[in-house]
Amino acid sequence: MKVVICGAGQVGYGIAERLASERNDVSVIDTSPPLIQAIRDNLDARGFVGHGAQPDVLAEAGAEQADMIIAVTLHDEVNMVACQVAHSLFNVPTKIARIRAQSYLRPHWQDLFSTDNMPIDVIISPELEVGEMVLRRIALPGAMDAVRFADDTIVMVAIECREDCPVVNTPLEQLTELFPDLNATVVGIWRGDKLFVPSSSDQMVPGDVAYVVAERGQVRRTLGLFGHEEPEAARIVIVGGGNIGLYVARQMEKRNLGARIRVIEANHDRAVTISDALKRTIVLHGSGLDQVILDEADISESDLLVALTNDDKVNILASVMAKRLGCRGNLTLLNNADYQSFTHTLGIDAFINPRSVTISRVLQHVRRGRIRAVHSIQNGLAEVIEAEALETSPLVGKPLRELDLPENLRIGAIYRNGEYVRPNGMTKIKAKDRVVIFAAASAVRHVEQLFRVSLEFF
């Protein structure tokens, strides 16, 4: 696949890194010479210094032969014009744009991004994507990561195995015998600095992070079996009233989740704006690093602090301070991947990486075959993929134990006719089943092949 990426920032670089490692033909455009030099030095990709919306620059980057353009610069308008130029002048089949300004995304302007107006096939709003991820994490205390698949009937959760975890040092096959009615499957384990797909004889040890695919109704039971029975947060403090913070607070009000919410915002005008936009949420003007403000927000009596500012250092320090002042848990937004390795040491319970969330959303449309959803794990070391099985798929019709699947791939769940199916060796996948798979990076191409339409289909 030939892909042109406009924007070499954290998201653009991350997408280029992933696609180039999979031997796609990747060209990256950015106005910053240092960013483009980093692309040329570190990736098997071509870099072009220039404006991503200008026809001559797009032509030089190979837009005439491109299968896809991904516009993820810092400026919405550049992203939109780049897609328009790619469509009008170069007839690029698939156009993806990152749009951050919420005014473009209001329902009554939904015809803006249509073929007759501005032909963008996929709109990615990082604020909405991250906001939804925050809401899912709030709803599942004890989970380090949580993503829903198959019309919200299947959930992948990442669970830390602590010293008191009841299921450590027990072979996975024995867990299946002990809990035969538990609709959950351990599909991956992160141990130290390695991620692997476990066999039935493997067992988890303290310090592991287990990736579990479960039926939505059994997620809390699964968390409980791993020793995580934390109650839902009833008192939440949000530090940062930007687009993400406002979205989270507004959605919690809208969905009547019952939690008492307080928002701390450093900018006075912004604090007034969000105070007017929210009905039942108390908004405090001040810094999340000010102990007086944290005390005013009743941080010592709070269940959860959610740090959502644009500054990673503020988010980290606010989370640490909240814990020291008596807050029971924290959830931190971290853009810089370098900070993620020592979060546990600092007492940060869980973090969200906006770059990973955005890249996962892009990969959903980059992956070939009947791919419905993708979630990137551990900065691209693995992916959880939801795909639809076709009649011509080699997966269909044979018991799973007879399939020649790679060791670094595990089928976690099957969604059939609106219901969850827990896979075992005798399970046969049927056409139109939606399959949730945990695949190491080296197995992703294999997954794509399993779910592609073959010529026999026509």
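These numbers were taken from a predicted model, which means no experiment stands behind them. (Residues numbered from 1 in each chain as written. Predicted model: local features only at pLDDT ≥ 70, side-chain atom pairs only at ≥ 80, totals over all residues. Heavy atoms only, no water.)

## Details of the overall build of the protein chain
The condition is simple: Only DSSP runs of H or I covering at least 4 residues are called helices, and only runs of E covering at least 2 are called strands; the numbering of each starts at the N terminus. Taken over C-alpha atoms, the radius of gyration is set against a globule rule of 2.2 Å times the number of residues to the power 0.38. For the exposure calls, accessible area comes from a 1.4 Å probe over protein chains only, and a residue counts as buried if that area is under 20% of its type's maximum, exposed if over 50%, partly exposed in between. Counted as positive: Lys and Arg. Counted as negative: Asp and Glu, with His and the chain ends omitted from the count. Positions of charges follow a simple convention, taking NZ of Lys, CZ of Arg, CG of Asp or CD of Glu.
In terms of helices and strands, the protein chain carries 14 helices and 22 strands. Computed over C-alpha atoms, the radius of gyration of the protein chain comes to 23 Å, within 12% of the 23 Å expected from 2.2 N^0.38 for 458 residues, which places it in the range of a compact globule. The principal-axis extent of the C-alpha atoms belonging to the protein chain is close to 60 × 60 × 45 Å. The buried share among the 458 residues of the protein chain stands at 53%. Placing the 48 positive and 59 negative side-chain charges of the protein chain at their respective mean positions leaves the two points 3 Å apart.

## A word on the sheet that holds strand E14 (residues 282-285)
The condition that has to hold: Pairing between strands is defined by DSSP: at least two bridges between them are needed. Convention adopted: a line fitted to C-alpha atoms gives each axis, helices being fitted over their contacting stretch, and angles between N-to-C directions are expressed from 0 to 180 degrees. Contacts were defined at the residue level, with two residues in contact if any of their heavy atoms lie within 4.5 Å.
Within the open sheet, the six strands sit side by side as E14-E13-E12-E15-E16-E17. Their pairing is parallel. Both edges of this open sheet fall to E14 and strand E17 (350-352), since each of them pairs with a single strand only. Between one strand and the next, the sheet's axes are offset by a mean angle of 20°, whatever the strand orientation. Judged from the three bridges that link them, strand E15 (residues 304-307) and strand E16 (residues 330-333) form a sheet pairing that is parallel. Counterpart to Leu-305 in the pairing with E16 is Asn-330. This element, helix H5 (residues 126-139), spans strand E12 (235-239), E15, E16 and E17 of the sheet and lies at about 160° to E17.

## Considering the pairing of strand E5 (residues 94-98)
This is how it is decided: If the strands point away from the viewer and the path from the first strand over the helix to the second runs clockwise, then the crossover is right-handed.
Taking burial as the measure, the five residues of E5 include four buried ones, the bulk of the element. Of the strand pairs in this sheet, strand E4 (residues 68-71) and E5 are connected by four bridges, and their pairing is parallel. Looking at the pairing, Met-68 lines up with Thr-94 of E5. Between the parallel elements E4 and E5, the chain passes through helix H4 (residues 76-90) in a crossover that is right-handed. As defined by bridge partners, E5 adjoins strand E6 (residues 122-124) across three bridges and the pair is classed as parallel.

## A few points about the confidence of the model for the protein chain
For the record, the criterion: One number per residue, pLDDT, summarises how confident the predictor is, and it ranges from 0 to 100.
Of all residues in the protein chain, 98% have pLDDT values of 70 or greater, and the mean over the chain is 90. In the model, residues 454-458 has pLDDT below 50 throughout and makes four contacts with residues more than four positions away in sequence or in other chains.

## Description of the domain arrangement of the protein chain
How large an interface is tends to be reported as the accessible area lost when its parts come together. Keep this limit in mind: The start and end points of each domain follow an automatic or database-based domain assignment.
Taken domain by domain, the protein chain consists of domain 1 (2-124), domain 2 (130-226), domain 3 (245-327) and domain 4 (358-451). Between the C-alpha centres of domain 3 and domain 4 there is a distance of 39 Å.

## Description of the pattern of salt bridges
Short version of the rule: Whenever a carboxyl oxygen of Asp or Glu lies within 4 Å of a side-chain nitrogen of Lys or Arg, that contact is scored as a salt bridge.
By the definition in use, this model includes 24 salt bridges. Note that Arg-235 and Asp-303 form a salt bridge whose closest N and O atoms lie 3.7 Å from each other. In this pair, Arg-235 is assigned in strand E12 and Asp-303 in the loop between helix H10 (291-296) and E15, connecting sequence segments 68 residues apart. Of the residues examined, Arg-235 reaches a relative accessible area of 26% and is grouped as partly exposed. One connected set of salt bridges, linked through shared partners, spans Asp-151, Glu-386 and Arg-434.

## Remarks on the UniProt feature "domain: RCK N-terminal" (unreviewed entry) in the protein chain
Going by this rule: UniProt positions are given in the numbering used here, feature names are shortened, and annotations may be inferred rather than shown by experiment.
As annotated in UniProt, the feature "domain: RCK N-terminal" (unreviewed entry) corresponds to residues 1-124 and 233-352 in the numbering used here. With 35% helix and 22% strand, residues 1-124 has its two end C-alpha atoms placed 21 Å apart. Overall, residues 233-352 shows 38% helix and 22% strand. The separation of its end C-alpha atoms is 18 Å.

## What to know about unusual backbone geometry
Phi is positive for Asn-91, close to 55°, though the residue is something other than glycine. We note that Asn-169 has phi near 60°; this positive angle belongs to a residue other than glycine. As for its position among the elements, Asn-169 is in the loop between strand E8 (154-160) and helix H6 (172-178).

## Concerning the environment of Arg-100
Its place among the elements puts Arg-100 in the loop between E5 and E6. Those residues within four positions of Arg-100 in sequence are excluded, and the remaining contacts are Asp-76, Pro-126, Glu-127 and Asn-243.

## Focus on the state of the cysteines
Where we set the bar: Disulfides are defined in this document as cysteine sulfur pairs within 2.5 Å.
Summed over all chains, the structure comprises zero disulfides. Take Cys-83: it sits in no disulfide, and the sulfur closest to it among the cysteines is that of Cys-6, at 7.5 Å. Cys-83 gets classed as buried once you look at its relative accessible area, which sits at 0%.

## Focus on the packing of aromatic side chains
Here is the rule we go by: Only rings of Phe, Tyr and Trp enter the pairing, Trp through its six-membered ring, and a pair is recorded when the two centres are within 6.5 Å. The plane angle decides the type: under 30 degrees is stacked, over 60 is edge-to-face, the rest tilted.
Tallied over the full model, the rule gives two aromatic pairs. The interplanar angle of 35° and the centroid separation of 5.9 Å between the aromatic rings of Tyr-211 and Phe-438 together place this pair among those described as tilted. In this pair, Tyr-211 sits in strand E11 (residues 209-215) while Phe-438 sits in strand E22 (residues 434-440), placing the two residues 227 residues apart along the sequence. Phe-438 carries the same exposure label as Tyr-211, and that label is buried.

## Regarding helix H11 (residues 312-324)
For the record, the criterion: To estimate the expected span of a helix, count its residues, drop one, and scale the result by 1.5 Å.
The terminal C-alpha atoms of H11 lie 18 Å apart, and with 13 residues this matches the ideal 18 Å at 1.5 Å per residue to within 8%. Within the sequence span of H11, burial applies to Asp-312, Asn-315, Ile-316, Ala-318, Ser-319, Val-320 and Ala-322. In the core, the buried residues of H11 are packed alongside E15, E16 and helix H12 (343-346). Of the residues flanking the end of H11, it is Gly-326, one or two places downstream, whose phi is positive at about 110°.

## Comments concerning the packing of H5 against helix H8 (residues 243-254)
Heads up, the condition is: Any angle that is under 35 degrees is reported as roughly parallel, and any over 145 degrees as roughly antiparallel; angles of 65 to 115 degrees are reported as roughly perpendicular and all others as oblique. Here is the rule for handedness: rotate from the far helix to the near one, and if that takes an anticlockwise turn smaller than a right angle the crossing is left-handed, while a clockwise turn gives right-handed. Residues are grouped as follows: Ala, Val, Leu, Ile, Met, Phe, Trp, Tyr, Cys and Pro are nonpolar; Asp, Glu, Lys and Arg are charged; all remaining types, including Gly, are polar.
Relative orientation of the contacting elements H5 and H8 amounts to 50°, with a least axis distance of 9 Å. By the angle between their axes, H5 is oblique relative to H8. Of the two elements, H5 crosses H8, and the hand of that crossing is right-handed. Contacts from Glu-127, Leu-128, Val-130, Gly-131, Glu-132, Val-134, Leu-135 and Ile-138 of H5 reach H8 at Asn-243, Ile-244, Tyr-247, Val-248, Gln-251 and Met-252. In terms of residue class, the contact of H5 with H8 is built from nine nonpolar, three polar and two charged.

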